[in-house]
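Next come the chains, spelled out residue by residue.
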Protein chains: 2
Amino acid sequence: MYEKKIPELLDCGLAISVKVIGGKWKAWIIDCIKRDVKRPSAIHREMNIVNPRIINLHLKELEEYGIICKKVYAEVPARVEYCFTPVGESILPVIQVLEDWGNQHREYIQHNQAEYREDAVPVLR
Amino acid sequence: MYEKKIPELLDCGLAISVKVIGGKWKAWIIDCIKRDVKRPSAIHREMNIVNPRIINLHLKELEEYGIICKKVYAEVPARVEYCFTPVGESILPVIQVLEDWGNQHREYIQHNQAEYREDAVPVLR
DNA sequence: GGAGACAGGGAAAAATTTATCCCTATAAAA
DNA sequence: TTTTATAGGGATAAATTTTTCCCTGTCTCC
């Protein structure tokens, strides 16, 4: 387990939010659970381009934050399911807002970035 | 300038949004500009715990995405100001949503994380 | 002339996150 | 008995982001 050398600044609400949903694959994972793909193996199957190890790390992180809840059933082989906590439910509409904004401006942003040239910045008088 | 070795996946809107606001200090920078702290030197003064170099990198990134617009005035010494583009304006309420959610659940999340213990996960029958 | 404010960036190191590889272990099915 | 599915993690490497250090200039003020 990696130990941070520089303490995080979590004084602002946005830092908290970004910490929760900012990981590379967290959004996808959350989306899986939202669609009832809630067992580790099922999530791994759907997110087959992502290393399962990473998915597990993200799941554990979300669990630590209290966004998702891990249920271990006493079956053999063990069955595990993740579901949202109430706070986890409450972040879903927030994610939807981000999703919508991103979809609405994807082209603009990608176009800008592709076309960007330092020398194009105009000098005003 | 660092060149990515693995192409980004920007197929989902959330990935776009996180890309735009996900940098370590972007939120603070955006907040500065929102409060009319828009000159590099002024931003550097306010964000004095952050290395100016980093702030400049983030500013350039936001400019590339078309979130902020750089104005260079033909004065000596050169005066530079950043302001929002229309798309930049449109992300402000999104950030507010994140800010609000984070503030609302900061304690819960930090408490959970502090208390988290693997062995506390119950086994269901 | 020297100090400080202004805007900016290269090179390299450090920190952090993500990825790969290869293990453990149990039980059902082939 | 070997394979497959389940869940999971250690060690290490690679990729990425963030940080530090130290430069370049111009102009104003003392």
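Since this is a predicted model, take the numbers as computed values, not measurements. (Residues numbered from 1 in each chain as written. Chains lettered and ligands numbered in written order. Predicted model: local features only at pLDDT ≥ 70, side-chain atom pairs only at ≥ 80, totals over all residues. Heavy atoms only, no water.)

A.B. asks: Explain the overall build of chain A to me, using residue names and the numbers behind them.
C.D. replies: Assigned secondary structure in chain A consists of five helices and three strands. Secondary structure elements of chain A, listed N to C terminal, follow the sequence α-α-α-α-β-β-α-β. In terms of principal-axis extent, the alpha carbons of chain A reach across some 75 × 35 × 25 Å. Put simply, chain A has 125 residues, and 42% of those count as buried. In chain A, of all internal contacts separated by at least 6 residues, the share reaching a separation of at least 24 is 42%. Carbon and sulfur atoms form 54% of the exposed surface of chain A, whose accessible area is close to 7300 Å². Charged side chains in chain A number 18 positive and 18 negative. The centres of these two groups are separated by 5 Å. (Helix = DSSP H or I, 4+ residues; strand = E, 2+ residues; numbered from the N terminus. Buried < 20%, exposed > 50% of the residue type's maximum accessible area, 1.4 Å probe, protein only. Contact = heavy atoms within 4.5 Å. Areas by Shrake-Rupley, 256 points an atom, 1.4 Å probe, with all protein chains shown as cover. Lys, Arg positive; Asp, Glu negative; His and termini not counted. Charge placed at Lys NZ, Arg CZ, Asp CG, Glu CD.)

A.B. asks: Could you give an account of the environment of B:Glu81, with specific residues and numbers?
C.D. replies: Residue and element names in this part refer to chain B. With respect to the secondary-structure elements, Glu81 resides in strand S2 (residues 79–84). Put simply, Glu81 and Ile33 are 48 residues apart on the chain and 9.2 Å apart in space, counted from C-alpha to C-alpha. When sequence neighbours within four positions are dropped, the list of residues in contact with Glu81 reads Lys38, Arg39, Cys69, Lys70, Lys71 and Tyr73. In terms of polar contacts, Glu81 uses its side chain to reach the side chain of Arg79, at 2.8 Å. (Polar contact = N/O pair within 3.5 Å; in protein donor to acceptor, adjacent residues only side chain to side chain.)

A.B. asks: Tell me about the pairing of strand S1 (residues 68–73) of chain A, residues and numbers included.
C.D. replies: Here six bridges tie S1(A) to strand S2 (residues 79–84) of chain A, and the two strands are oriented antiparallel to one another. Looking across to S2(A), one finds that A:Cys69 is bridged to A:Cys83. Connecting S1(A) to the antiparallel partner S2(A) that follows it, the hairpin turn spans five residues. In this structure, S1(A) lies alongside strand S3 (residues 123–124) of chain B, joined through two bridges in parallel fashion. Among the inter-strand pairings, A:Tyr73 is bridged to a residue of S3(B), identified as B:Leu124. (Pairing = 2+ DSSP bridges.)

A.B. asks: Report on the protein's contact with DNA strand C, specifying residues and quantitative values.
C.D. replies: The immediate surroundings of DNA strand C are formed by 21 residues, with A:Lys5, A:Val76, B:Ser41, B:Arg53 and B:Lys70 found nearest. Each atom of DNA strand C within 4 Å of the protein was classed as base or backbone; sugar and phosphate made up 71%. One of the backbone nitrogen or oxygen atoms of A:Ile6 is found 3.1 Å away from a phosphate oxygen of DNA strand C. One of the side-chain nitrogen or oxygen atoms of B:Lys70 is found 2.7 Å away from a phosphate oxygen of DNA strand C. (Near = heavy atom within 4 Å.)

A.B. asks: Residues and numbers for the packing of aromatic side chains, please.
C.D. replies: Two aromatic rings, taken as a pair, are described by how far apart their centres are and by the angle between their planes. Residue and element names in this part refer to chain A. Summed over all chains, the structure comprises two aromatic pairs over all chains. An angle of 55° between the planes, with centres 6.1 Å apart, marks the rings of Trp25 and Trp28 as tilted. A cation sits over an aromatic face here: Arg79 above Tyr73, 4.1 Å from the ring centre. (Phe/Tyr/Trp six-rings, centres within 6.5 Å; stacked < 30°, edge-to-face > 60°. Lys NZ or Arg CZ within 6 Å of the ring centre and 35° of its normal.)

A.B. asks: I'd like a rundown of empty space enclosed by the protein, residues and numbers included.
C.D. replies: In total, this model carries one cavity of 30 Å³ or more according to the counting rule given. Each pocket or cavity is described by its volume, and for the largest cavity that value is around 50 Å³. Lining the largest cavity are A:Val18, A:Ile21, A:Gly22, A:Leu98, B:Ser17, B:Val18, B:Ile21 and B:Leu98. At the level of elements, helix H1 (13–21) of chain A together with helix H1 (13–21) of chain B are the ones that each hand at least two residues to the lining of the largest cavity. Here the element with the most residues in the lining of the largest cavity is H1(B); it accounts for three residues. Each residue belonging to the lining of the largest cavity can be placed in one class, and the counts come to six nonpolar, two polar and no charged. (1 Å grid on protein atoms, 1.4 Å probe; cavity = no way out; pocket = protein on both sides within 12 Å on 5 of 7 lines; lining within 4 Å. Points joined across faces, edges and corners; volume = space filled by probe spheres on them. Nonpolar A, V, L, I, M, F, W, Y, C, P; charged D, E, K, R; others polar.)

A.B. asks: Tell me about the interface of chain A and chain B, and please be specific about residues and values.
C.D. replies: The extent of an interface is frequently quoted as the accessible surface area lost upon association of the parts. On the side of chain B, 53 residues touch chain A, which itself brings 53 residues to the contact. Between chain A and chain B, roughly 4900 Å² of surface is buried when both sides are summed, and carbon and sulfur atoms account for 67% of that area. Along the contact surface separating chain A from chain B lie zero salt bridges. Linking chain A with chain B are 23 residue pairs in polar contact (both at pLDDT 80 or more). The set of elements that each furnish at least two residues to the side of chain A that touches chain B consists of H1, helix H4 (52–65), S1, helix H5 (86–115) and strand S3 (123–124) of chain A. With 18 residues, the single largest contributor to the side of chain A that touches chain B is H5(A). Its residues assigned to classes, the side of chain A that touches chain B comprises 30 nonpolar, 12 polar and 11 charged. (Buried area = accessible area lost by both parts, 1.4 Å probe. Salt bridge = Lys/Arg side-chain N within 4 Å of Asp/Glu carboxyl O.)

A.B. asks: Talk me through the UniProt feature "domain: HTH hxlR-type" (unreviewed entry) in chain A; I want residue IDs and the actual numbers.
C.D. replies: When the UniProt feature table is mapped to this numbering, "domain: HTH hxlR-type" (unreviewed entry) covers residues 12–110 of chain A. Split by type, residues 12–110 of chain A is 65% helix and 12% strand. Its first and last C-alpha atoms lie 28 Å apart. (UniProt positions renumbered as here; feature names shortened; annotations may be inferred.)

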